[in-house]
Amino acid sequence: MPKTTPIPPKPSFFLTTPIYYVNSVPHLGTAYTTIAADALARYRRLLGDNVFFLTGLDEHGQKVEQAAVEHGIEPQEWCDNLAEKFLGAWELLGITNDDFIRTTEPRHVRAVQTLAKTLYDQGDIYKGLYDGWYCVPDETYWTEEQLEGGKCPQCGRDVELVREENYFFRLSAYQDRLLGYFEENPDFIGPPSRRNEVLSFVRGGLRDLSISRANVKWGIPLPWDASHTVYVWFDALINYVTAVGYGDPDDAGEFARCWPAHIHFVGKDIIRFHCVIWPALLMAAGLDLPQRVFAHGFLLAKGEKMSKSKGNAVAPADLVRQFGADAYRYYFLRDVSFGQDGSISIESMVQRYNGDLANDWGNLCSRLFNMVGKYFDGAVPDPGGDAVDAADGVLAAVARDLPGRYDEAMARLDYGAALESAWDLVKATNRYIEDSAPWNLAKSPETTPRLKTVIYNALEAVRIAALFIAPVMPQTSAEVWRRLGLGDINAVTTLAEESRWGGTRPGSHVEKGDPLFPRIEKDAV
Ligand code: MSP
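Let us look at the structure shown here. (Residues numbered from 1 in each chain as written. Predicted model: local features only at pLDDT ≥ 70, side-chain atom pairs only at ≥ 80, totals over all residues. Heavy atoms only, no water.)

**Some thoughts on the overall build of the chain**
Right, so step 1: Scanning the chain from terminus to terminus reveals 19 helices and 16 strands.
Right, so step 2: Relative to its length of 525 residues, the chain is compact, with a C-alpha radius of gyration of 26 Å against a globular reference of 24 Å.
Right, so step 3: For the chain, the C-alpha atoms occupy an extent of roughly 90 × 50 × 40 Å along the three principal directions.
Right, so step 4: In the chain, of all internal contacts separated by at least 6 residues, the share reaching a separation of at least 24 is 78%. (Helix = DSSP H or I, 4+ residues; strand = E, 2+ residues; numbered from the N terminus. Rg over C-alpha atoms; globule rule 2.2 N^0.38 Å. Contact = heavy atoms within 4.5 Å.)

**Description of helix 2 (residues 62-70)**
Right, so step 1: Buried within helix 2 we find Gln62, Lys63, Val64, Glu65, Ala67 and Ala68.
Right, so step 2: In the core, the buried residues of helix 2 are packed alongside strand 1 (13-21), strand 2 (51-58), helix 3 (75-92), strand 4 (125-135), strand 6 (160-169) and strand 9 (212-213).
Right, so step 3: One or two positions beyond helix 2, positive phi appears at Gly72, with a value near 70°. (Buried < 20%, exposed > 50% of the residue type's maximum accessible area, 1.4 Å probe, protein only.)

**Side note on the pairing of strand 1**
Right, so step 1: Extensive coverage of strand 1 is indicated by the burial of 9 of its 9 residues.
Right, so step 2: The sheet contact formed by strand 1 and strand 12 (residues 263-267) spans 2 bridges and is parallel. The partner of Thr16 across the bridge, within strand 12, is His264. (Pairing = 2+ DSSP bridges.)

**What to know about the site of the ligand**
Right, so step 1: Around the ligand there are 25 residues in total, and Asp58, Gly267, Asp269, Leu299 and Met306 lie nearest to it.
Right, so step 2: Within the backbone of Leu299, an N or O atom sits 2.8 Å from a nitrogen atom of the ligand.
Right, so step 3: The separation between a nitrogen atom of the ligand and a polar main-chain atom of Met306 is 2.8 Å.
Right, so step 4: Mapped by element, the contributors of at least two residues to the shell around the ligand are strand 1, helix 1 (28-46), helix 7 (232-237), helix 8 (239-242) and strand 12.
Right, so step 5: For the shell around the ligand, the element with the highest residue contribution is strand 1, accounting for 4 residues.
Right, so step 6: Partitioned by chemical class, the residues of the shell around the ligand number 14 nonpolar, 8 polar and 3 charged. (Near = heavy atom within 4 Å. Polar contact = N/O pair within 3.5 Å; in protein donor to acceptor, adjacent residues only side chain to side chain. Nonpolar A, V, L, I, M, F, W, Y, C, P; charged D, E, K, R; others polar.)

**Comments concerning helix 17 (residues 448-469)**
Right, so step 1: End to end, helix 17 covers 31 Å across 22 residues, agreeing with the expected 32 Å (1.5 Å per residue, within 8%).
Right, so step 2: Where burial is concerned, most of helix 17 is hidden: 19 out of the 22 residues are buried. (Expected span 1.5 Å × (residues − 1).)

**Observations regarding unusual backbone geometry**
Right, so step 1: Residue Pro191 follows Gly190 across a cis peptide bond; omega there is -10°.
Right, so step 2: Mapped onto the secondary structure, Pro191 falls in the loop between strand 7 (189-190) and helix 6 (192-203).
Right, so step 3: Omega for the bond connecting Trp259 with Pro260 falls within 30 degrees of zero, at 5°, which places this linkage in the cis form.
Right, so step 4: Position of Pro260 among the secondary structure elements: in the loop between helix 9 (254-258) and strand 12.

**Describing the pattern of salt bridges**
Right, so step 1: Evaluated as defined, the whole model comprises 34 salt bridges.
Right, so step 2: Across the pair Arg45 and Asp98 runs a salt bridge whose closest N-O atoms are separated by 3.6 Å. Of the two residues, Arg45 is situated in helix 1 and Asp98 in the loop between helix 3 and strand 3 (99-102); the sequence distance between them amounts to 53 residues.
Right, so step 3: By relative accessible area, Arg45 is classed as partly exposed at 22%.
Right, so step 4: A residue is classified by how much of its surface remains accessible, and Asp98, at 12% relative accessible area, is buried.
Right, so step 5: With a closest N to O distance of 3.0 Å, Asp414 and Arg412 form a salt bridge.
Right, so step 6: Residue classification places Asp414 among the partly exposed positions, given a relative accessible area of 25%.
Right, so step 7: Take Arg412: its relative accessible area is 40%, and that puts it in the partly exposed class. (Salt bridge = Lys/Arg side-chain N within 4 Å of Asp/Glu carboxyl O.)

**Here we look at the pairing of strand 13 (residues 293-296)**
Right, so step 1: Burial along strand 13 is two-sided: the residues Val293 and Ala295 and Phe294 and His296 are all buried.
Right, so step 2: As paired strands, strand 7 and strand 13 are joined by 2 bridges and run parallel to one another. Across the sheet, residue Ile189 finds its bridge partner in strand 13, namely Val293.
Right, so step 3: Summarising the sheet, strand 12 and strand 13 pair through 4 bridges and their orientation is parallel. Residue pairing across strands places Val266 opposite Ala295, the latter belonging to strand 13.
Right, so step 4: The handedness of the strand 12 to strand 13 crossover, carried by helix 10 (residues 271-285), is right-handed. (Right-handed = clockwise from strand over helix to strand, strands pointing away.)

Written out as structure tokens, the structure reads:
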């Protein structure tokens, strides 16, 4: 549920998404970072971490101002309307952010002004003449040489000429310190391809950065010169420290306890802002750097980046209506390799849904819960006795390997591999049921002990699989646990213990329930 909650005493895991421009409603591309971050936040909570998960909105700047003007309303009103849309989308997708920061909030204005003033007073910000180009859709400065065919080298759109007195941040002075930092902290930027991109960019030489605009009204005024507003990216990056109390005069050491963030999730288009400008600003302010910045790739629809300007943007709600929020989250995290560009299509989504979800996972739960109803009156059988088989050990071994494999994949932010490790258990359980053929064991009282063992083991594997599927598909895992009579999966904070073999309680009631993922006919979408 998107909400603002007090920051936990000391977050042991602090993660962020970019704050989204409110020039338009959220689409699949902007939702992508948010679901990835949410899955990690949920996993860390299962592990017992005290998580602080931050997301929010980037509300200042020319682009947002223009969107408001085009719609004939005041920028603040425009932002307020859009904020509702973002909150609605995050709620629909089951996002569990702990804070929702908006850059027009007083706490943020104060933080930006504090940081700007600190840098100005120590001589890291000076006044100069900006003479170059600006891409409004990307809110980015470009030099003449960087343009490609006179257009923005990033998005290919028109740029505007800006010639005005600006305040500049001495970014060039931080070049060597940044390179030294990258060297000493090889894991700071991921994946490696992005690290190399940033390294060569910084090695190529850094120019000082214009951090104010004289002709943009919709922004935070500089505290020492109110005729300038703060450049929207300087403003936006600071959100990460605002949220944990930077610049708050009543802060009782909270900021120092909570900062730095463990990970900033970003898209590959905004890596330089997060890996060059942001670290340099933090260095200048004498603050610690985040532990890690990880850039994912773009979602491509028919080979093109999904974006509002390309006219190929799809709203999350359109897909959630057809597939449900869990299947939505599963598809993007399973089918697109996190860190690389990935093509998405309705066809591949239907395929994943029917194959992985309806057939593998949904059917396993249905048939197994049915059998508990049919053979044991809905009560989990007691597996005691010596009706064991080598197949039991094979299944238990797959379950035993799962936590380690899953954790190692999540540490690399390889959601596909993490889900695959959970699916190996789902598939192994399906195989186990096929090979053990409970329907035959049920035919004679002599094989009842074996039937009990088989059903118990399969239930146990399902219980464990649901735990590891939960970060990506929280609703269905909660439902599986509820049907197994296990209580609230969201209350679990001791994953290591909970994932040990043997946690299913004999005698507890198993509910059959409706199919978790009713098949979708391709023509129906
Ligand atoms: N406001 C800035 C971020 C400031 S963070 C201090 C911004 N906002 S954005 O709304 O334009 O984009 C936010 C994120 O959405 C970026 O990480 C971007 O990569 C991501 N995506 C937007 N379209 C996307 C795809 N088609 N695919 C995947 N992610 C993409 O930039």
